[in-house]
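Notes for the structure review
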Amino acid sequence: MKTVPSHLSLSELRRYGRHLTLPEVGEPGQLRLKAGRVLVVGAGGLGSPLAMYLAAAGVGTLGLVDFDAVEESNLQRQIVHGTAAIGTPKLASMAARLRDINPNVTLELHAVRLDRTNALAIIGGYDVVADGTDNFATRYLVNDACVLAGKPNVYGSILRFEGQASVFDAARGPCYRCVFPEPPPPGIVPSCAEAGVLGVLPGVIGSIQATEAIKILLGSGDTLVGRLLLYDAMEMRFRELTLKKNPGCPVCGDNPTIRELIDYESFCGTQPAADAATVSARELAGLLARGEDVVIVDVREPFELEIAAFPGALHVPLGQIPARAGELPATSTLVLACHRGQRSQKALEILRGRGFTRLRNLTGGIDAWSREVDPAVPRY
Ligand SMILES: [Zn+2]
């Protein structure tokens, strides 16, 4: 850690009075915030409350990454921007607002699209990264860069009425890849632009991210490391899942295969290899309804079953398929299933290599089952 300044000015003592009153913060904590450097990726819905609360709290240096311009349709949720800023760069609009909130904060503006060529250099300059992006390619990029650079990644995501947040810190717990080993196939998960998002939702999730970033800088409290917080605005309910580090994780596991940044667009844009041995969710429902000799083998992780499960399925996580292949009924048709169909394709290939012949992969996984067959099965 860098040197922490030794005292606050008179104006800072006045400004941060309500922090200084808190024994858990006090002047030493406020000085830590002042010495802190946080990178906010994205000046949008999550970035708005994130950057505004971090600036107001007195985080000394805020890095901001964005390359977009403000559009009218942003204003329903991206509250750092105002109507007068429509058509101007988001970075300039956000910077003006943050300077007004707290002129003591040093802003470092990165008017770029984060990619494999610049991510490590930018992220390496900060203590904490707060990810306010809205696409999978950037999310995996931010995750891998944070793991490689040894930085905590304060994660949040939102869609429709639901949001989630966690802190991915590979030194202390799982990373994003440990939890989400594969990106969804392109087009499967709609964007907020396609599916909509409640305007206040990023206010809740972005504020949680700001809280976690501040706690990390203070070095106090119990952060979301190893926990995924799920928020449902419609039910007004928070749930929490325990996340485990995956020793086989390709970036933070025991034998990492990702040692430098990869091409994230192609990683997230690649469709699984076409294979005749597939079955759609609707076809599977038909096979089950007709009483065909079909056994669903769900290869997802146990925590995913807590969220959504197939009725009557055998459960063997992908990592245990080689060791437990002998438990599977070789005379039935095995339908391999996972979240969205990519891990189950790997399981199918492993079993095919072991001599199984009656194998089908469920296209789109339990997500397709929920969308096409049984909407009562929760999506995640
Ligand atoms: Zn990992």
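Look up: the structure comes first, before these words.
Residues numbered from 1 in each chain as written. Predicted model: local features only at pLDDT ≥ 70, side-chain atom pairs only at ≥ 80, totals over all residues. Heavy atoms only, no water.

**Observations regarding the sheet that holds strand 1 (residues 37-41)**
Here is the rule: Strand pairing requires that DSSP identify at least two bridges connecting the strands. Numbered from the N terminus, helices here are DSSP runs of H or I no shorter than four residues, and strands are runs of E no shorter than two. With axes taken as lines fitted to C-alpha atoms, and helix axes fitted only over the stretch in contact, angles between N-to-C directions fall between 0 and 180 degrees. The contact definition used throughout considers only heavy atoms, calling two residues in contact when any of these lie within 4.5 Å.
Read across the open sheet, the 8 strands follow the order 3-2-1-4-5-6-7-8; overall the sheet is mixed. Among the strands making up the open sheet, the edge pair consists of strand 3 (106-110) and strand 8 (237-242). Neighbouring strand axes in the sheet, compared pairwise and without regard to direction, differ in orientation by 15° on average. The pairing of strand 4 (residues 128-131) with strand 5 (residues 153-159) spans 3 bridges and is classified as parallel. Paired with Asp131 across the two strands is Tyr155, which belongs to strand 5. Its contacts with the sheet place helix 7 (residues 136-149) against strand 1, strand 4, strand 5 and strand 6 (162-168), and it is angled at close to 170° to strand 5. Relative to the sheet, helix 10 (residues 201-218) contacts strand 1, strand 4, strand 5, strand 6, strand 7 (227-232) and strand 8, its axis offset from that of strand 5 by approximately 175°.

**Some remarks on the environment of Ala368**
If you trace the backbone, Ala368 turns up in helix 16 (residues 365-372). Separated by 28 residues in the primary sequence, Ala368 and Arg340 place their C-alpha atoms 7.2 Å from one another. Aside from chain neighbours lying at most four places away, what touches Ala368 is Ala281, Thr363 and Val373.

**Structural notes on the coordination of the zinc ion**
To be explicit about the condition: Donor atoms (N, O, S) are those found within 2.8 Å of the metal centre, with the cutoff raised to 3.2 Å for Na, K and Ca; water is not part of the atom list, so apparent gaps in a site can occur. When a residue's accessible area, from a 1.4 Å probe over protein chains only, is under 20% of the maximum for its type it is buried; when over 50% it is exposed; and in between it is partly exposed.
Binding of the zinc ion to the protein goes through Cys175 (SG), Cys178 (SG), Cys249 (SG) and Cys252 (SG), at separations of 2.3 Å. Linear spacing of the donor residues for the zinc ion on their chain is C-x2-C-x70-C-x2-C. By the burial criterion, Cys175 is buried, and Cys178 matches it.

**What to know about the nonpolar core**
So the rule is basically this: Definition used in this section: a nonpolar core is a set of buried Ala, Val, Leu, Ile, Met, Phe, Trp, Tyr and Cys residues joined via side-chain atoms within 4.5 Å.
Ranked by size, the top nonpolar core spans 42 residues in total, and within it Val38, Leu54, Leu62, Leu64, Met94, Leu98 and Leu107 carry the most contacts. Among the elements that make up this core, the one with the highest residue count is helix 10 (8 residues). Contacts of Leu107, omitting those with residues within four sequence positions, involve Leu62, Leu64, Ala95, Leu98 and Arg99. Counting 36 residues, the second largest nonpolar core, distinct from the first, contains Ile123, Val147, Cys178 and Cys268.

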